[in-house]
Amino acid sequence: MTNTTAIPSLYIVDHWIPFPSSEYGGVQCVVAYSDAECERIIAESVDEYYRKNIPNYRERIANEIKKAKRFPVDAADVGIVYEFLT
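Below: a short report on this structure. (Residues numbered from 1 in each chain as written. Predicted model: local features only at pLDDT ≥ 70, side-chain atom pairs only at ≥ 80, totals over all residues. Heavy atoms only, no water.)

Section: the pairing of strand S1 (residues 9–14)
Then, in step 1: In S1, alternate side chains face the same way, and those of Ser9, Tyr11 and Val13 are buried while those of Leu10, Ile12 and Asp14 on the opposite face are not.
Then, in step 2: Examined bridge by bridge, S1 and strand S2 (residues 26–32) share six bridges and lie antiparallel to one another. Looking at the pairing, Asp14 lines up with Val27 of S2.
Then, in step 3: Across four bridges, the pairing between S1 and strand S3 (residues 69–72) is antiparallel. What sits directly across from Tyr11, in S3, is Arg70. (Buried < 20%, exposed > 50% of the residue type's maximum accessible area, 1.4 Å probe, protein only. Helix = DSSP H or I, 4+ residues; strand = E, 2+ residues; numbered from the N terminus. Pairing = 2+ DSSP bridges.)

What follows is the structure, encoded as structure tokens:
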């Protein structure tokens, strides 16, 4: 859901998958209008393996979003714009 009156933010989110599945971590850069939208976007990108094997994956994503850096951006589209994952 996109709010056309708000200004979107670029979220720089640390990778949420724990060691050893993700040995070195990573980062996801997401354009979203809110923390909830950012969480939904990241959660929708999660592979089925992690959905089954990390039952609290949504909580892990939400915790990383709370710590994320945010920058206002002039963007029309929301979504993951860059990710580096190990």
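Here we look at the pattern of salt bridges
Then, in step 1: Scanning the entire structure with this criterion turns up five salt bridges.
Then, in step 2: Residue Arg70 is joined to Asp35 by a salt bridge in which the shortest nitrogen-to-oxygen separation is 3.2 Å. With Arg70 in strand S3 and Asp35 in helix H1 (residues 35–44), this residue pair connects regions lying 35 residues apart in the sequence.
Then, in step 3: The closest approach of N and O atoms between Lys67 and Glu64, which form a salt bridge, is 3.2 Å. On the criterion of helical spacing, the pair formed by Lys67 and Glu64 is a turn pair, its members being three residues apart in helix H3 (residues 57–67).
Then, in step 4: Residue Glu64 is classed as buried on the basis of its relative accessible area, which comes to 14%.
Then, in step 5: Because the salt bridges share partners, they merge into one network encompassing Glu37, Arg40 and Glu44. (Salt bridge = Lys/Arg side-chain N within 4 Å of Asp/Glu carboxyl O.)

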